[in-house]
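Topology and contacts: notes
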Amino acid sequence: MYRLTTHSAIADIPADQWNRLAGDDSPFLRHEFLDAMERHGCVGESLGWLPRHLALQDADGHLVAAAPCYLKFNSYGEFVFDWSWADAYRRKGLRYYPKLVIASPYTPATGPRLLTGDSPARKEHARALIQGAIRVAEEAGVSSMHWLFTAEDEQALLEGQGLLGRVGCQFHWHNRGYNSFEDYLGTFTAEKRKKVKRERRRVVESGVRIRRIPGNAVTEAEWATFHRLYCDAFDKRGGIPTFSLPFFQAIGETMGESLLLVLAEYGNDIVAAAFNLVGTRSLYGRHWGCFKDFHSLHFEACYYQGLDYCIENGLTRFEPGAQGEHKVSRGFLPTPTWSAHWIADPAFRDAIARFVTLEAEGMDDYIAEMQAHSPYRRDSSAAADPASAGRDST
């Protein structure tokens, strides 16, 4: 009834059909975003990300489901850490790599991984895609297949097909219908409210000016400066700046309305910048870099400007990136994130199943501990624990 094909280039799949299935709230899954990475050297053999995108067609040849899939030879850029699993394979004399990963490279943001659009047969198509993906993994002889940062309803479908569920934690913000940033701060305790106001005031007093620019209005010179900031940030941390300047320029041209660049200027110079992706309901903070340190500028550019933008534009969620316990005091509460894992070797599957079960217990404790540091007043609706509602849904 269905036919699953794999593609070594996203360009093999028509952009309009892919984007119809991907939806409108996950810009990092847009055809333009994935294609720009492939065209401008951000993925490929040298980086250990080989495209193997999945496309499911029905009996009439219509594309009904898809997934961004990569053959991986390392675990870099995934943000769901499995190096201990790879080491266990090595100690047993087995190969963990290559493996298959279903995700948007270098992007730890929750979103659909079973791209099915809004079809009434969505669940049927999703199950067929999962089953087909498992056959692809078996035929390829890989050790495992990993679906990273899945949406809530997808996670249930994946676990229903026998994949192992794994829980992580990020710090997300939810819009409770705030009319302004001041309205938002009104839900904080007095101590936390004063701290945020002091941080914002220090940036103004330092003489730094902030500009928010949509991607389609960023100049070539601004993209070039931002890319130097981006590379500098990775150099300082010993990482690899995988996104090239032509990549940023390309998505600025093809999907600029889905990008937001926050520039910090001092005198005549750009001294810092934060790069965001914009969906129809959500904002996703991704990259930050600075040439010169100013007190609280990171918080202003990466968090407070994003919160302002969400409130002004009616966005309901803000994911400011992976990790960062310091986000809690600024209103980003601990929120479960999810992944699903297919393991070929039965013995290792059992061992990993035990591991993720124990890990989940520890993660529950961690989320509860972080929630205890919430800045919100107890009588505020914003004080609700995101974990209490179960898995985070997009």
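Quick look at the structure, then. (Residues numbered from 1 in each chain as written. Predicted model: local features only at pLDDT ≥ 70, side-chain atom pairs only at ≥ 80, totals over all residues. Heavy atoms only, no water.)

Things to note about a negative patch on the surface
A cluster of acidic side chains, namely E325, E361, D364, D365 and E369, defines a negative patch on the protein surface. For E361, the location among the structural elements is in helix α11 (residues 346–371). Note on E361: relative accessible area 46%, which makes it partly exposed. (Patch = residues over 30% accessible without salt bridge, like charges linked within 9 Å, V, L, I, M, F, W, Y side chains within 5 Å. Areas by Shrake-Rupley, 256 points an atom, 1.4 Å probe, with all protein chains shown as cover. Salt bridge = Lys/Arg side-chain N within 4 Å of Asp/Glu carboxyl O. Lys, Arg positive; Asp, Glu negative; His and termini not counted. Charge placed at Lys NZ, Arg CZ, Asp CG, Glu CD. Helix = DSSP H or I, 4+ residues; strand = E, 2+ residues; numbered from the N terminus. Buried < 20%, exposed > 50% of the residue type's maximum accessible area, 1.4 Å probe, protein only.)

Focus on the packing of aromatic side chains
In this structure the tally under the stated criterion is 37 aromatic pairs. When the ring of F33 is compared with that of F243, the centres are 6.2 Å apart and the planes differ by 75°; the resulting orientation is edge-to-face. Here F33 is found in helix α2 (residues 31–39), whereas its partner F243 is found in the loop between α8 (220–237) and α9 (245–254), with 210 residues between them in sequence. There is no split in this pair, since F33 and F243 are both buried. With a centroid separation of 5.2 Å and 65° between ring planes, the pair formed by F247 and F248 is classed as edge-to-face. Side by side, F247 and F248 carry an identical accessibility label, which is buried. A cation over an aromatic ring shows up here: R237 above the ring of F234, its NZ or CZ 5.0 Å from the ring centre. (Phe/Tyr/Trp six-rings, centres within 6.5 Å; stacked < 30°, edge-to-face > 60°. Lys NZ or Arg CZ within 6 Å of the ring centre and 35° of its normal.)

Section: the packing of helix α4 (residues 122–140) against helix α5 (residues 152–160)
The interhelical angle for the contact between α4 and α5, taken along N-to-C directions, is 50°, at an axis separation of 10 Å. Here α4 lies oblique to α5, going by the angle between them. For the crossing formed where α4 meets α5, the hand is right-handed. Facing α4, whose interface residues are R122, K123, A126, R127 and I130, α5 presents D153, E154, L157 and L158. (Axes fitted to C-alpha atoms, helices over the stretch in contact; angles between N-to-C directions. Parallel < 35°, antiparallel > 145°, perpendicular 65-115°, else oblique. Left-handed = near helix turned anticlockwise from the far one by under 90°. Contact = heavy atoms within 4.5 Å.)

So, the pattern of salt bridges
Per the counting criterion, the structure on display carries 24 salt bridges. For D82, the salt bridge goes to K99, with nearest N and O atoms at 2.6 Å. Remark: K99 occurs in strand β6 (residues 99–102) and D82 occurs in the loop between β5 (69–72) and α3 (83–91); sequence separation between them is 17 residues. For E319, the salt bridge goes to R317, with nearest N and O atoms at 2.4 Å. By relative accessible area, which is 3% here, E319 ends up buried. Through salt bridges that share partners, K72, E78, D82 and K99 make up one connected network.

Observations concerning the sheet that holds strand β13 (residues 317–319)
Pairing within the open sheet is mixed, and its 11 strands lie in the order β2-β5-β6-β7-β14-β8-β13-β12-β11-β10-β9. Single-partner strands in this sheet number two, and they are β2 (49–51) and β9 (209–214). Strand-to-strand twist across the sheet, computed as the mean angle between neighbouring axes with direction ignored, equals 30°. Note that strand β11 (residues 269–278) and strand β12 (residues 282–290) share 7 bridges and pair antiparallel. From the neighbouring strand, L277 faces β12, where its bridge partner is Y284. Across the sheet, α5 touches β7 (144–148), β8 (164–174) and β14 (333–343), and the angle it forms with β14 is around 30°. (Pairing = 2+ DSSP bridges.)

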